[in-house]
Amino acid sequence: MTDQQPTGAEIVMKALADQGVDVIFGYPGGAVLPIYDALFKQNHVRHILVRHEQAAVHAAEGYARSTGKVGVVLVTSGPGATNAVTGLTDALMDSIPIICFTGQVPTHLIGNDAFQEADTTGITRPCTKHNYLVKDVDQLARTIHEAFHVARSGRPGPVVIDLPKDVQFAPGTYISPETVTHRTYRPQVEPDPKAVAAAVDMLETAKRPIFYVGGGVINAGAEASRTVTELVRTTGFPCTMTLMGLGAFPSSDPQSLGMLGMHGSYEANLAMHGCDVMVALGARFDDRVTGNLTKFSPGSRKIHVDIDPSSINKNVRVDLPIIGDAGRTAAAILAEWKRRKAKADRGALKAWWKQIEEWRARNCFAYEKTDQVIKPQYALERLRELTRGRKTFITTEVGQHQMWAAQFLRFEGPNQWMTSGGLGTMGYGLPAAMGVQIAHPDALVIDVAGEASILMNIQEMSTLAQYRLPVKIFILNNQWMGMVRQWQELLHGARYSESYSDSLPDFVKLADAFGAVGRRVTDVADVDAAILEMIETPRPFILDMCVDQKENCFPMIPSGAAHNEMLMGPEDRREATVSDEGMVLV
Amino acid sequence: MSDIRRHTIAVLVDNEPGVLARVIGLFSGRGYNIESLTVAEVDAQERVSRITVVTSGTPMIIEQIKAQLDRLVPVHAVRDLTLGGKSVERELALIKVAGTGDKRIESLRLADIFRARVIDSTTESFVFEMTGSTEKLDAFIDLMRPLGLVDISRTGVVAISRGPKAL
Ligand SMILES: Cc1ncc(C[n+]2csc(CCOP(=O)(O)OP(=O)(O)O)c2C)c(N)n1
Ligand SMILES: [Mg+2]
């Protein structure tokens, strides 16, 4: 290729290599064949062939979230692109950096309802951070490099690049990443020092402070979690995490109150309710976290650190907004704290911890111990104990099992926990685990699943087989769409409309059919042995854990209720107290 | 809610395909309302367009709208002309009135008072061109209704801050 110009397809491959991409997840089709041809002729970038385009995006999300890198996807036009939409929306909601190339019909056919044409930029506009339709091959390299910049900077997110087939064939000029800067997109990363000083003023005088840490800290990189951990320990304040923030602060640390929100801990929610100074770091006051907004943490002054100015004052009025990267801002606060040789109000803090310990003593995640039936919480506790000390990554599907996993598993560091928080996408966990395993071939990667969710992307078992990915699928099989059943029980008079998982497959045979190992456990006594076998087996594995069908997930803040109005267990029914307003909430 | 107020917001954007759809999609997707929206390229060399959007909401919603607009990748700048000091607003309308006799004469007389210009006339119609504030246009149009108003085309509001400073 000395004087010959590269084609659009070759430019794509070259740009990926220059962006340090080593793996992409994809599925071929007519409108991307030139790129697949260019892929065939090179060996910088490895392609993982998924079995459904939605799974390609989730796999890229798992890859991205477990490595801190950008995940890359390649799909064809029309149905390839529309299949990717759920994954893109998921990545947008959880701020995961993704580049998704979609094939498109040739430029002269756009708008003609050509075969496998879809208005991909139109469809994906509201579910991407940004998208591009590249009609000029000479703009291709610049666009790709710009797209990587947009995907990973500021609040990360998915970016679609729609590529008409003629552009993939056309020869054009390649330019390297260093030569590309974006005209306008430069998010503010460093916090305003005045705001940082004001934050430290508030922290110094706080009587009942709390750190409320979200996924933004995970997105800010592993260093950010270390900084936040140091900040929390230096101040001696309690720290709670959102579903997306788990791992940002070690859960074994006594200062951790665990997860907050709808199924969060009693101590975390009551501490949020009763605090006088709240420091939100990379968290967005999501409705799963706040419960009833009008009753949310009524007596506190709030500091909100976020890289996305639109997150500030969206749901909750805050007293001190700080725009900036969560890690850099935590570092700035820590530096200012140290510079001042600041001390927390020791006396007040002692009383606050005494109160928190009383809440903690309530032991809110307690469940009935029995040897008659496998309690899902017990299965997860055993999973936690038997994987202790191993490099373990957990992904989940969506439902009760997801919440129990968040409550009962422990995360000591960032990037080990992958779950669909914002969109709540059933079918996320298996492909995400695939992406994690690709990035960490030697690690133990477990998808904590429900029997209903797992069927939503079960075809990916075939991908596991092809690439010999020893992903473990840990099904908490309650034969119900448990979370739906729980809501029907609490809010709809126990009318279980269409929430029973009828006609389930035999998961052991299903594993076998896909070349994996399958085991079913029905007896409490067999739980440990089965988990150990799963861990030791260097192959994909389905563990069908048949658990208590009736178990519900507690504590629970019912819709429309406040943090201090939690339901603590099955005896704590408050059906009658859920307001009409609460009933319409999801 | 009582603290709902009308705001005029100016947005400078890259003039690239889809940018208007992004802005409109943001308003519809998040349930904000658009009272008026105008757009045109203002710098051909840099390919920058200026969008003027009139919307209403509580201070919190208006703050959200501005932050959401600013977050769009092709957006260069967002300014709230209602909050950011004094500004002037204008709208242009083309108004067609059909009729003969007294009504026709009366429409011409009112147009003169309102400083509307006649830019097309037949024996049985006028097209008036009028520039002014939204309220002034509304008032004139209301007066034309009984006089044979048949068609209206309005540009929507454009606005600019007073004084020497640029956006
Ligand atoms: C794609 C999708 N469809 C529907 C839902 C609504 N939904 C939330 S949880 C749930 C049930 C999940 O059942 P299962 O996977 O068995 O998990 P369990 O709650 O029983 O642990 C459903 C249907 C969803 N979150 N995602
Ligand atoms: Mg289930």
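Residues numbered from 1 in each chain as written. Chains lettered and ligands numbered in written order. Predicted model: local features only at pLDDT ≥ 70, side-chain atom pairs only at ≥ 80, totals over all residues. Heavy atoms only, no water.

If you tally the helices and strands in chain A, you get 22 helices and 18 strands. Its C-alpha radius of gyration of 24 Å places chain A within 12% of the 25 Å reference for a compact globule of 586 residues. Projecting the C-alpha coordinates of chain A onto the three principal axes gives extents of approximately 75 × 60 × 45 Å. Classification of the 586 residues of chain A by burial places 61% in the buried group. Sequence separation of at least 24 residues holds for 76% of the intrachain contacts in chain A that already meet a minimum separation of 6. (Helix = DSSP H or I, 4+ residues; strand = E, 2+ residues; numbered from the N terminus. Rg over C-alpha atoms; globule rule 2.2 N^0.38 Å. Buried < 20%, exposed > 50% of the residue type's maximum accessible area, 1.4 Å probe, protein only. Contact = heavy atoms within 4.5 Å.)

Interpretation of the predicted coordinates at a detailed level should be avoided for regions scoring low in pLDDT. Here chain B averages 96 in pLDDT, and 99% of its residues register 70 or above. Interface predicted TM-score (ipTM) for the complex: 0.92; the corresponding pTM is 0.96. (pLDDT = per-residue confidence, 0-100.)

Positive charge collects at one region of the surface, where Lys86, Arg90, Arg115, Lys136 and Arg162 of chain B lie side by side. If you trace the backbone, arginine 162 of chain B turns up in the segment after β9 (158-161). (Patch = residues over 30% accessible without salt bridge, like charges linked within 9 Å, V, L, I, M, F, W, Y side chains within 5 Å. Areas by Shrake-Rupley, 256 points an atom, 1.4 Å probe, with all protein chains shown as cover. Salt bridge = Lys/Arg side-chain N within 4 Å of Asp/Glu carboxyl O. Lys, Arg positive; Asp, Glu negative; His and termini not counted. Charge placed at Lys NZ, Arg CZ, Asp CG, Glu CD.)

Now for the interface of chain B and chain A. Contacts between chain B and chain A engage 17 residues on the former and 19 residues on the latter. Here chain B packs against chain A, burying approximately 1500 Å² in sum over the two surfaces, 49% of which is carbon and sulfur. When the buried surface of chain B facing chain A is broken down by residue, Arg22, Met60 and Val73 of chain B rank first, second and third, together holding 43% of it. At the surface where chain B touches chain A, the tally comes to four salt bridges. Here glutamate 46 of chain B ties to arginine 183 of chain A by a salt bridge, and the two come within 3.8 Å at their closest N and O atoms. Scanning the region where chain B abuts chain A turns up nine residue pairs in polar contact (both at pLDDT 80 or more). The set of elements that each furnish at least two residues to the side of chain B that touches chain A consists of α1 (19-29), α2 (59-71) and β4 (75-80) of chain B. In terms of residues, the side of chain B that touches chain A owes the most to one element, α2 of chain B, which gives six residues. Considering only residue class, the side of chain B that touches chain A consists of seven nonpolar, four polar and six charged. (Buried area = accessible area lost by both parts, 1.4 Å probe. Polar contact = N/O pair within 3.5 Å; in protein donor to acceptor, adjacent residues only side chain to side chain. Nonpolar A, V, L, I, M, F, W, Y, C, P; charged D, E, K, R; others polar.)

A few words on the site of ligand 1. Residues and elements named next belong to chain A. Inspection of the region around ligand 1 gives 17 residues, with Gln400, His401, Ser453, Trp480 and Gly482 positioned closest. Note that an oxygen atom of ligand 1 is positioned 2.6 Å from one of the side-chain N or O atoms of serine 453. One of the backbone nitrogen or oxygen atoms of tryptophan 480 is found 2.8 Å away from an oxygen atom of ligand 1. When isolated, ligand 1 has an accessible area of 590 Å², and the protein chains bury 76% of it. Listed by contribution, the elements that provide at least two residues to the shell around ligand 1 are α16 (400-408) and α19 (482-491). In terms of residue count, the dominant contributor to the shell around ligand 1 is α19 (three residues). (Near = heavy atom within 4 Å.)

When a strand is regular, its side chains alternate between the sheet's two faces. All names here are of chain B. With ten of ten residues buried, strand β3 (residues 48-57) is to be regarded as a mostly interior element. Burial along β3 is two-sided: Val48, Arg50, Thr52, Val54 and Ser56 facing one way and Ser49, Ile51, Val53, Thr55 and Gly57 facing the other are all buried. Relative to β3, strand β1 (residues 5-14) is paired through ten bridges, and the arrangement is antiparallel. Bridge pairing links histidine 7 to threonine 55 in β3. In the sheet, strand β2 (residues 36-43) pairs with β3 via seven bridges, with the strands oriented antiparallel. From the neighbouring strand, glutamate 41 faces β3, where its bridge partner is serine 49. (Pairing = 2+ DSSP bridges.)

So, on to the coordination of the magnesium ion (ligand 2). Residues and elements named next belong to chain A. On the protein side, the magnesium ion (ligand 2) has Glu451 (OE), Glu451 (OE), Asn478 (OD1) and Trp480 (O) as donor atoms, found 2.1 to 2.6 Å from it. Classification of the site at the magnesium ion (ligand 2) as irregular follows from its six donor atoms and the range of 52 to 174° in their angles at the metal. Accessibility expressed as a relative area gives 1% for glutamate 451, which makes it buried. (Donors = N, O, S within 2.8 Å, 3.2 Å for Na, K, Ca; no water. Tetrahedral: all angles 85-135°; square planar, octahedral: opposite > 155°, others 65-115°.)

The next subject is the packing of helix α15 (residues 376-387) of chain A against α16 of chain A. Residues and elements named next belong to chain A. Packing of α15 against α16 brings their axes to within 10 Å, and their N-to-C directions diverge by 45°. Classified by the angle their axes make, α15 and α16 are oblique. α15 and α16 meet at a crossing whose hand is right-handed. Here α15 contributes Pro376, Gln377, Leu380, Glu381 and Arg384 to the contact with α16, which in turn contributes His401, Trp404, Ala405 and Phe408. The residue makeup of the contact of α15 with α16, split by class, is five nonpolar, two polar and two charged. (Axes fitted to C-alpha atoms, helices over the stretch in contact; angles between N-to-C directions. Parallel < 35°, antiparallel > 145°, perpendicular 65-115°, else oblique. Left-handed = near helix turned anticlockwise from the far one by under 90°.)

Okay, the sheet that holds strand β12 (residues 320-323) of chain A next. All names here are of chain A. Pairing is parallel in the open sheet, where six strands are placed in the order β9-β8-β7-β10-β11-β12. Strands at the two margins of the open sheet, each flanked by one partner only, are β9 (256-259) and β12. On average, each strand axis in the sheet is tilted by 15° relative to the strand beside it, whichever way the strands run. The pairing of strand β7 (residues 209-213) with strand β8 (residues 239-241) spans three bridges and is parallel. Bridge assignment links valine 213 to a residue of β8, and that residue is methionine 241. Across the sheet, helix α14 (residues 346-361) touches β7 and β9, and the angle it forms with β9 is around 45°.

We now examine the packing of aromatic side chains. In this structure the tally under the stated criterion is 15 aromatic pairs over all chains. Summarising the aromatic geometry, the rings of phenylalanine 365 of chain A and phenylalanine 408 of chain A are spaced 5.9 Å apart at their centres and angled 50° between planes, so their arrangement reads as tilted. Linking phenylalanine 365 of chain A in the loop between α14 and α15 with phenylalanine 408 of chain A in helix α16, this pair joins segments that are 43 residues apart in sequence. In this structure phenylalanine 408 of chain A comes out as buried when scored by relative accessible area, which is 5%. Feature note: the residues Phe114, Phe126, Phe128 and Phe140 of chain B constitute an aromatic cluster, connected by ring pairs. Just above the ring of tyrosine 266 of chain A sits the side chain of arginine 362 of chain A; from NZ or CZ to the centre is 5.3 Å. (Phe/Tyr/Trp six-rings, centres within 6.5 Å; stacked < 30°, edge-to-face > 60°. Lys NZ or Arg CZ within 6 Å of the ring centre and 35° of its normal.)

There is about 890 Å³ of room inside the second largest pocket. Along the wall of the second largest pocket there are 32 residues; nearest its centre are Tyr132, Leu133 and Thr143 of chain A together with Glu16 and Pro17 of chain B. Mapped onto the lining of the second largest pocket, the elements with two or more residues apiece are α5 (120-124), β5 (130-133) and α6 (140-152) of chain A. In terms of residues, the lining of the second largest pocket owes the most to one element, β5 of chain A, which gives four residues. A breakdown of the residues in the lining of the second largest pocket according to their chemical character gives eight nonpolar, eleven polar and 13 charged. (1 Å grid on protein atoms, 1.4 Å probe; cavity = no way out; pocket = protein on both sides within 12 Å on 5 of 7 lines; lining within 4 Å. Points joined across faces, edges and corners; volume = space filled by probe spheres on them.)

Once that is clear, we can look at the side chain of arginine 22 of chain B. In this structure, arginine 22 of chain B sits in helix α1. Although arginine 22 of chain B lies buried, it forms no salt bridge, and the closest oppositely charged side chain, glutamate 16 of chain B, sits 4.7 Å away as judged by the N-O distance.

Right, let's talk about helix α10 (residues 222-235) of chain A for a bit. All names here are of chain A. A rise of 1.5 Å per residue sets the reference length of α10, with its 14 residues, at 20 Å; its end C-alpha atoms lie 20 Å apart and thus fit the reference within 8%. Each element contacted by the buried residues of α10 is listed here: β7, α9 (215-219), β8, β10 (277-281), α13 (326-339) and α14. Positive phi shows up at glycine 236, right after α10, with a value of about 80°. (Expected span 1.5 Å × (residues − 1).)

Moving on to the nonpolar core. Residue and element names in this part refer to chain A. The biggest cluster of nonpolar side chains holds 108 residues, and the ones touching the most others in it are Ile303, Val448, Phe474 and Met545. No other element matches the six residues that helix α8 (residues 193-205) contributes to this core. In contact with phenylalanine 474, other than residues within four places in its own chain, are Ala379, Leu380, Leu383, Ile446, Asp447, Val448, Ala449, Ile531, Met534, Leu543 and Met545. Formed by 48 residues, the second largest nonpolar core is a distinct cluster that contains Ala60, Val73, Cys127 and Met434. (Core = buried A, V, L, I, M, F, W, Y, C linked by side-chain atoms within 4.5 Å.)

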